[in-house]
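Each chain is listed here by its residues.
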Amino acid sequence: MSYNIIKTMTDPKTGKKTCVLMLDGLSSVLEIKELDQALKMTEIFNQNSDSGWVYEVRGGGKTYNKLGEAK
């Protein structure tokens, strides 16, 4: 199974949420084979997000928290 990273952006004026899948360098949906690697990437993205955007891991139709547990 491969994992994707979802970026959730919230408009500060309207509160409307927009979710997008992260892309790789070739404009294809980023697919990460290992859950641990995907979780590490989202941890780094969330720490560096100064705009309040939230990054989550998705795989197999489930979203995972930072401990790797399915929500």
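Analysis parameters
Residues numbered from 1 in each chain as written. Predicted model: local features only at pLDDT ≥ 70, side-chain atom pairs only at ≥ 80, totals over all residues. Heavy atoms only, no water. Pairing = 2+ DSSP bridges. Helix = DSSP H or I, 4+ residues; strand = E, 2+ residues; numbered from the N terminus. Axes fitted to C-alpha atoms, helices over the stretch in contact; angles between N-to-C directions. Buried < 20%, exposed > 50% of the residue type's maximum accessible area, 1.4 Å probe, protein only. Lys, Arg positive; Asp, Glu negative; His and termini not counted. Salt bridge = Lys/Arg side-chain N within 4 Å of Asp/Glu carboxyl O. Contact = heavy atoms within 4.5 Å. pLDDT = per-residue confidence, 0-100. Expected span 1.5 Å × (residues − 1). Arc of directions from axis to C-beta.

## With respect to the sheet that holds strand S1 (residues 4-10)
So, step 1. An order of S2-S1-S3-S4 is seen for the four strands of this open sheet, with the pairing classed as antiparallel. Whereas interior strands pair on both sides, the edge strands pair on one side only; in this sheet they are strand S2 (17-21) and strand S4 (62-64). Between one strand and the next, the sheet's axes are offset by a mean angle of 35°, whatever the strand orientation.
So, step 2. Sheet analysis places S1 next to S2, joined by five bridges and oriented antiparallel. Residue Lys7 lies in a different strand from S2, and its bridge partner there is Val20.

## Observations concerning the side chain of Lys7
So, step 1. One can find Lys7 in strand S1.
So, step 2. Buried and unpaired, Lys7 has no salt bridge, with Asp50 as the nearest side chain of opposite charge at 10 Å.

## Focus on the side chain of Thr8
So, step 1. Inspection of the secondary structure assignment puts Thr8 in strand S1.
So, step 2. Setting aside its immediate chain neighbours within four residues, Thr8 contacts Lys17, Thr18, Cys19, Trp53, Val54 and Glu56.

## Comments concerning the confidence of the model for the chain
So, step 1. Summarising the model, the chain shows a mean pLDDT of 94, and 100% of its residues fall at 70 or more.
So, step 2. No element of the chain has a lower mean pLDDT than S4, at 94, and none a higher one than S2, at 97.

## Some remarks on the pattern of salt bridges
So, step 1. Applying the stated criterion across every chain, the model contains one salt bridge.
So, step 2. Between Lys71 and Glu56 there is a salt bridge; the shortest N-O distance is 2.6 Å. Taken together, the positions of Lys71 in the segment after S4 and Glu56 in strand S3 (residues 54-59) put the pair 15 residues apart, joining distant regions of the chain.

## As for helix H1 (residues 35-48)
The α-helix winds at 3.6 residues per turn, so residues separated by three or four positions along the chain end up facing the same way.
So, step 1. Spanning 14 residues, H1 covers 20 Å between terminal C-alpha atoms, matching the ideal 20 Å at 1.5 Å per step.
So, step 2. Here H1 has its buried residues at Leu35, Ala38, Leu39 and Thr42. Each buried residue of H1 sits inside an arc of 100° when the element is viewed along its axis, so together they form one side. Away from its buried face by more than 90 degrees, H1 exposes Asp36, Gln47 and Asn48.
So, step 3. On its buried face, H1 is in contact with S1, S3 and S4.

## Some remarks on the pairing of S3
So, step 1. Covered by surrounding structure in S3 are Tyr55, Val57 and Gly59 only, the residues Val54, Glu56 and Arg58 on the alternate face being uncovered.
So, step 2. Here S1 runs beside S3; their pairing, made up of five bridges, is antiparallel. If you follow Ile5 over to S3, its bridge partner there is Val57.
So, step 3. Pairing geometry for S3 and S4, over three bridges, is antiparallel. From the neighbouring strand, Gly59 faces S4, where its bridge partner is Lys62.

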